Amino acid sequence: MSETLRPSTASASETLAARLGQIIRAERHRQALRLADLSLLSGVAVATLSDLENGRRDTRLSSYQRVFDALGLRAEALAGPQPPAPAPEAGYDLGDAL
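Residues numbered from 1 in each chain as written. Predicted model: local features only at pLDDT ≥ 70, side-chain atom pairs only at ≥ 80, totals over all residues. Heavy atoms only, no water.

Trainee: Provide a residue-level description of the overall build of the protein chain, including the pertinent values.
Mentor: Secondary structure summary: the protein chain contains five helices and zero strands in total. Burial statistics for the protein chain: of 98 residues in total, 24% are counted as buried. Counting contacts in the protein chain only where the partners sit at least 6 residues apart, residues at least 24 apart contribute 57% of the total. With an accessible surface of roughly 7400 Å², the protein chain has 57% of that area assigned to carbon and sulfur atoms. (Helix = DSSP H or I, 4+ residues; strand = E, 2+ residues; numbered from the N terminus. Buried < 20%, exposed > 50% of the residue type's maximum accessible area, 1.4 Å probe, protein only. Contact = heavy atoms within 4.5 Å. Areas by Shrake-Rupley, 256 points an atom, 1.4 Å probe, with all protein chains shown as cover.)

Trainee: Can you explain the confidence of the model for the protein chain? Please cite residues and give values.
Mentor: Parts of the model with low pLDDT should not have their predicted coordinates read in detail. Scored by pLDDT, the protein chain has a mean of 78; 64% of the residues are at 70 or more. Mean pLDDT per element in the protein chain: helix α5 (residues 94–97) is the minimum at 55, and helix α2 (residues 35–42) is the maximum at 98. (pLDDT = per-residue confidence, 0-100.)

Trainee: How would you sum up helix α4 (residues 61–71)? Please name residues and give values.
Mentor: Side chains that are three or four residues apart share a direction in an α-helix, a result of its 3.6 residues per turn. All buried positions along α4 are accounted for by S63, Y64, V67, F68 and L71. End-on view of α4: buried residues confined to an arc of 135°, all on one side of the axis. (Arc of directions from axis to C-beta.)

Trainee: Could you give an account of the pattern of salt bridges, with specific residues and numbers?
Mentor: Inspection of the entire model under this criterion finds five salt bridges. Each of R25, R28 and E53 takes part in one network of salt bridges that share partners. (Salt bridge = Lys/Arg side-chain N within 4 Å of Asp/Glu carboxyl O.)

Trainee: Go over the environment of A47, please, and point to the residues and values.
Mentor: Within the secondary structure layout, A47 lies in helix α3 (residues 46–53). For the pair A47 and L35, spaced twelve residues apart in sequence, the C-alpha separation works out to 8.7 Å.

Trainee: Provide a residue-level description of the nonpolar core, including the pertinent values.
Mentor: Formed by 14 residues in total, the largest nonpolar core has its most connected members in I24, L38, Y64, V67, F68 and L71. Residue assignment for this core shows that the elements contributing at least two residues are α1 (9–30), α3 and α4. Aside from chain neighbours lying at most four places away, what touches L38 is I24, R28, G43, L49, V67, A70 and L71. (Core = buried A, V, L, I, M, F, W, Y, C linked by side-chain atoms within 4.5 Å.)

Trainee: Please set out the packing of α2 against α4 residue by residue, giving values where relevant.
Mentor: Here α2 crosses α4 at 105°, and the two axes come no closer than 9 Å. Judged by the inter-axis angle, α2 sits roughly perpendicular to α4. For the pair α2 and α4, contact is made by L38, L41 and S42 and by R66, V67, A70 and L71, respectively. Classifying every residue of the contact of α2 with α4 by side-chain character gives five nonpolar, one polar and one charged. (Axes fitted to C-alpha atoms, helices over the stretch in contact; angles between N-to-C directions. Parallel < 35°, antiparallel > 145°, perpendicular 65-115°, else oblique. Nonpolar A, V, L, I, M, F, W, Y, C, P; charged D, E, K, R; others polar.)

Set out below in structure tokens:
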């Protein structure tokens, strides 16, 4: 019964592939690169890049890494914008009190 409440592995994989594709396409457009340009920079075939951008291909992590490297993206881009770090809490240094 609990298995029906969890998303399927295929669904999670498709969601990740779609998100990676969105990141790749957005950064490629930001840098004004054509698919052919990115192919030359990354060593990944144009057809594969198109499939990746459209979330249609589940490929090896090394291919994603080559594309991310060619675009100057880091893996942290997957997490999206990060919230600011919390301010340090005010406290007492017990070493001074002793």
